[in-house]
Every structure is written in structure tokens, then in C-alpha cells.
Amino acid sequence: MSEALMEHATRTIEVGSKSFAAAAKLFDPATRRSVLMLYAWCRHCDDVVDGQELGFNVANPQHDAAGALALLEDQTRRAYAGERMRDPAFAAFQEVALRHRIAPRYAFDHLAGFAMDVADARYETFDDTLRYCYHVAGVVGLMMASIMGAVDEDVLDRACDLGLAFQLTNIARDIVEDARMGRCYLPAQWLREAGIPREELAEPRHRAALALLAARLVDHAEPYYDSAAEGVKALPLRSAWAIASARNVYRQIGIEVKRRGAHAWDQRAGTSKAAKVWLLLKGGASALSSRGRGLRPRPAGLWRRPGAADAASVLHAAHASPA
């Protein structure tokens, strides 16, 4: 069973995220196992809510997303209760969550992000977009950091910052693809300023204006990437190398989106194998040079993650959001 779980998790990340799969190979074996299993659960939850498989199938319009989310919440509770999990993704999650004592609030905060999609939540301001980013990616950074042994709140903040930066990059890269699914994570304020109606985001005639908004997202991700680089100092060396490399690869995707301008969505932006090798080597150099250095203070102007007391109310609010 243990070997089958690892095979399932490895296949999931290789298909679902080639960018993170490359960096994940740099972890020590025990950490890599837990990281891959956590990723498999996150990917599974995303797919179940959307009615997809590894993010690539077109969603079924008859799919009961709310029912699927309720099932995920129930399975997550049962996993934490120690019940036997038959689903490979939840068996993997249970092993990781209990072994590394991942706080249940993190898992349910993550599910709250999917609740936002189910409720077709709208994002008026950039802070609203960042709040969504926290739920679908920032909290994943917190869970990953827990696997790597991080307990200091400042280090956890940096892990969350990396998740925020990753998701801002993902949003910029996938604006048109998301729009075709009826989703938009750009702040409504930005769309009004650019003169782009939400329902017309995918139309080619808006590409030039959309490129400016994508560049704006990429620029806003930079201070979070910088903050995350500080957190690498506090991780074990192999983990530091993997995380620094993942940071470099995702950041490069954002740079590529910005470089392409109006052609950013002609084909999916990514990095070549040669570029990945260089970015992984660069990550190793960053990890080595960071040893023994203390963390500089986190910039005061960055968005702050919600505290533990907010978790239950956030999940309730996500369910209550009007469609």
C-alpha cells in the first residue's frame, strides 16, 4: 500500500505540475515522499471540485461541485480522525497530516478556496484576490513548511508568501483559460480601469489591455517572491535547494508571461528543460549562500495571512458567498 501511494503521488505531480516536479526531486527521500503525497491530495481536491482529472479535462456542466466539496470536507475530517482511507489521495494525505502534525485549520482553509470557486466568488480589490491566493496556494505553503519542520511564525509567513507569489503567477498565465471556464481572479477594480468587461476577458480584442493587467500581477508577485527567498535560509539544506529552485522556476514563468505581452496566451507559458536546469543550479547556489544568515524583517506592507481564529469563519463565509 505504501509503495502504491508513492507511485500515485509521483504520477500526479509529473502530470499535474512539471515545474514543481523538477524541483521536488531535490528533496531528501523522506521529505520528497511527504511533499508529493500532499501535492497529490491538493491536486485531487481541485479535480474533484472541478469534475476534472489532473486539471486537463473539460468540466462537466452537470457536475455537482457543491456536493463534491462537501464530500471532500467529510473525508478530510475522517482522515484527521484516523479512519481508514480507501481513496489513494486521502490515504496519502492522512499519512502526511498525522505524521507531520499539519494543523487541521490549514487543510480546511485550503478547502475554503475551492468553496470560493463553487460560490463563483468575485474579487473587487487586489486584497480580495490575495485572500483567494492564500486559500488555494498560500496555505499549501504552510502545509509544505510543516513537512520541512518549520514552526517559527516568521518562517511560516515566508512559506505563505511563496504560495501567494506562485498563485499570482498562475493567475497571470491562465487568465484566458480561466475566463473560458467562467472564472476571473483579477480585481474588478483593475478590469474597470482597463475597460474590459468580465464576460469578455477571453476575447482576442482585449489582449493588449489584458497584457498590462498580467504584467501588473507579475509585478505584484515580486515582493512575495523576495520575502519567500528570505525564508529559504531557515530550511534544511536539501529542502532549501528544492524550494529556492521552485521559486526560480515559477518566477521565470511570470517573467515569460510579461515578456510575451499580448501573445502571452497564444500557448501556455513555461520554461524549457535547459532553463529549468539552470534555475535548479541557481537555486542550489542560493541555498548554500543562505546558510548561517538570519532572516531580515518581513516588509510591513505585505498582505498578512489570517490567524487560526479566522479559519472557521472564513470557511463559513466562502459557502455563504452569493453566486
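Because the structure is predicted, anything quoted here is derived from the model rather than measured.

**Some points on the confidence of the model for the protein**
So, point 1. Residue-level pLDDT values for the protein average 89, and 86% of them are 70 or greater.
So, point 2. Counting contacts from residues 308-323, a segment whose pLDDT is below 50, to residues more than four positions away or on other chains yields 21 contacts.

**Considerations on the pattern of salt bridges**
So, point 1. Considering all chains together, one arrives at 30 salt bridges under this definition.
So, point 2. Across the salt bridge formed by Arg 78 and Glu 83, the nearest N and O atoms sit 3.5 Å from each other.
So, point 3. Assessed through its relative accessible area of 26%, Arg 78 is described here as partly exposed.
So, point 4. Owing to a relative accessible area of 38%, Glu 83 belongs among the partly exposed residues under this scheme.
So, point 5. Put simply, Glu 200 and Arg 205 hold a salt bridge, and the shortest N to O gap is 2.6 Å.
So, point 6. Salt bridges sharing common partners tie together Glu 153, Asp 157, Arg 304 and Arg 305.

**Some words on the packing of aromatic side chains**
So, point 1. Evaluation of the coordinates by the stated rule reveals ten aromatic pairs.
So, point 2. Taking 4.2 Å as the distance between ring centres and 20 degrees as the angle between the ring planes, the aromatic pair formed by Trp 41 and Phe 93 counts as stacked. Of this pair, Trp 41 sits in helix H3 (residues 29-50) while Phe 93 sits in helix H5 (residues 88-99), and the two are 52 residues apart along the sequence.
So, point 3. Note on Trp 41: relative accessible area 0%, which makes it buried.
So, point 4. Between Tyr 123 and Tyr 185, the aromatic rings sit 6.0 Å apart at their centres with planes inclined by 40 degrees, giving tilted as the arrangement. You can see Tyr 123 sitting in the loop between helix H6 (104-118) and helix H7 (126-147) and its partner Tyr 185 sitting in the loop between helix H9 (175-180) and helix H10 (188-194), a full 62 residues away along the chain.

What counts, and where the lines are drawn
- Residues numbered from 1 in each chain as written.
- Predicted model: local features only at pLDDT ≥ 70, side-chain atom pairs only at ≥ 80, totals over all residues.
- Heavy atoms only, no water.
- pLDDT = per-residue confidence, 0-100.
- Contact = heavy atoms within 4.5 Å.
- Salt bridge = Lys/Arg side-chain N within 4 Å of Asp/Glu carboxyl O.
- Buried < 20%, exposed > 50% of the residue type's maximum accessible area, 1.4 Å probe, protein only.
- Phe/Tyr/Trp six-rings, centres within 6.5 Å; stacked < 30°, edge-to-face > 60°.
- Helix = DSSP H or I, 4+ residues; strand = E, 2+ residues; numbered from the N terminus.

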